[in-house]
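Report on the structure
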Amino acid sequence: MTELLDKVENYWDKRSEGYCQVNLEELNSFKKAEWIDMINEYAPKITGRKMKVLDIGTGPGFLAIIMASCGYDVTAVDYTEAMLQKAKNNAKSLNLGIQFQRMDAHKLNFADDTFDLIITRNLTWNLEKPQEAYKDWYRVLTSGGILLNFDANWYHHLFYPEKRKGYEQDRANAKAKKIKDHYITTNTVAMEEIARSLPLSKIYRPKWDIGVLSEIGFKRIFTQNDIGSRVWNEEEKVNYGSTPMFMIGAEK
């Protein structure tokens with residue numbers, strides 16, 4: 001384990017309880033149906049057997065749970081033990097048979113050509129070596145398999161003045177509308193310290209991802225640049241107005 005990876009794990013260990021509550025609220029809102037519809041829109045069409053899905057960086061298990069509710073064969077991994085325990089408890093309460101494993105997203109302990117669909121949300125910006133992770137994700141996908149990565153340029157405001165203005169306007173908008181400010185209610189100091197050391201914090205994405213995925217060998221790459229307009233509630237739209245969530249998808 002590297003020192004940076006250790007810091008990331010410790011941060012999310014402390015965030016596990018609060019992040020779990022957010023995920024449970026998502027499961028009981030309009031978001032569940034929206035995420036299912038969106039993922040299934042891009043997922044490969046599998047006949048004669050269950051689609052094999054891998055959720056990387058599952059956290060408290062939101063994406064894994066909604067995919068299992070579709071009847072798919074779901075495996076979910078995370079590096080943070082506290083998050084995995086939350087995910088296991090959440091899936092158990094819903095009687096869903098998801099295989100959970102602790103694993104480093106950079107190096108997966110799965111055979112080549114194992115999964116039809118890989119999904120991940122808000123993970124890649126946390127990675128110390130995201131290009132290596134993408135290579136390994138490509139390895140475990142079946143031919144014709146699909147990768148769907150949902151993320152955002154969460155910490156551009158630490159590096160770019162124009163992004164800082166947008167971030168500060170989001171804070172002002174939340175205050176003016178008397179909406180809970182997500183950046184005040186979490187330990188942003190600790191995360192910003194980590195983010196300054198992470199390579200994707202100051203890289204413009206998904207442009208970077210498109211180039212890397214093409215070099216790795218993905219044959220079809222596609223993007224959608226404002227996922228938040230579909231899956232965020234009004235509180236999130238105000239909090240993250242200057243930081244739209246994107247999807248980068250690719251076919252092996």
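These numbers were taken from a predicted model, which means no experiment stands behind them. (Residues numbered from 1 in each chain as written. Predicted model: local features only at pLDDT ≥ 70, side-chain atom pairs only at ≥ 80, totals over all residues. Heavy atoms only, no water.)

**A word on the pattern of salt bridges**
What counts, and what does not: A carboxyl oxygen of Asp or Glu within 4 Å of a side-chain nitrogen of Lys or Arg is what we treat as a salt bridge. Strands here mean DSSP runs of E at least two residues long; helices mean DSSP runs of H or I at least four residues long; both are numbered from the N terminus. Residue exposure (1.4 Å probe, protein chains only): buried if accessible area is under 20% of the type maximum, exposed if over 50%, otherwise partly exposed.
On inspection of all chains with the given rule, the structure shows 16 salt bridges. Here K31 and E236 are joined by a salt bridge, their closest N and O atoms 2.6 Å apart. Placement of K31 in helix α2 (residues 31-42) and of E236 in helix α10 (residues 234-239) is noted, with a sequence separation of 205 residues between them. Of the two residues examined, K31 and E236, each falls in the buried class. Put simply, D151 and R205 hold a salt bridge, and the shortest N to O gap is 2.9 Å. Linking D151 in strand β5 (residues 141-151) with R205 in the loop between α7 (188-195) and α8 (207-216), this pair joins segments that are 54 residues apart in sequence. On the basis of relative accessible area, D151 is assigned to the buried category, the value being 0%. The network of salt bridges with shared partners includes E26, K31, R121 and E236.

**Quick look at the UniProt feature "domain: Methyltransferase type" (unreviewed entry) in the chain**
Convention followed: UniProt positions are given in the numbering used here, feature names are shortened, and annotations may be inferred rather than shown by experiment.
In this structure's numbering, the residues bearing the UniProt feature "domain: Methyltransferase type" (unreviewed entry) are residues 54-148. Regarding residues 54-148, the helix share stands at 33% and the strand share at 29%, and the terminal C-alpha atoms are separated by 10 Å.

**Notes on the side chain of N126**
How we decide: Each polar contact in these results corresponds to two N or O atoms within 3.5 Å; when the atoms are within protein, one needs to be able to donate a hydrogen and the other to accept it, and residues that are neighboring in sequence are counted only if both atoms are side-chain atoms.
Among the structural elements, N126 can be located in the loop between β4 (115-121) and α5 (130-140). Accessibility expressed as a relative area gives 9% for N126, which makes it buried. A polar contact of 3.2 Å, which involves the side chain of N126, links it to the backbone oxygen of N122.

**A few points about the nonpolar core**
Note the following rule: By nonpolar core is meant a set of buried Ala, Val, Leu, Ile, Met, Phe, Trp, Tyr and Cys residues that side-chain atoms within 4.5 Å join together. In what follows, residue pairs with any heavy atoms lying within 4.5 Å of each other are defined as contacts.
W35, I39 and L117 are the most contacted members of the largest nonpolar core, which has 46 residues in total. In terms of residue count, the dominant contributor to this core is helix α3 (residues 62-68) (seven residues). In contact with I39, not counting residues within four places along its chain, are L63, I66, M67, L117, I119, L148 and F150. The next biggest cluster of nonpolar side chains, apart from the first, holds 24 residues, and it includes I56, M103, I118 and A250.

**Things to note about the side chain of D181**
By secondary structure assignment, the location of D181 is in the loop between α6 (161-176) and α7. Within the structure, the side chain of D181 is placed 2.8 Å from the side chain of R171, a separation counted as a polar contact. Ignoring anything within four residues of it in the chain, the contact list for D181 reads R171, A174 and N239.

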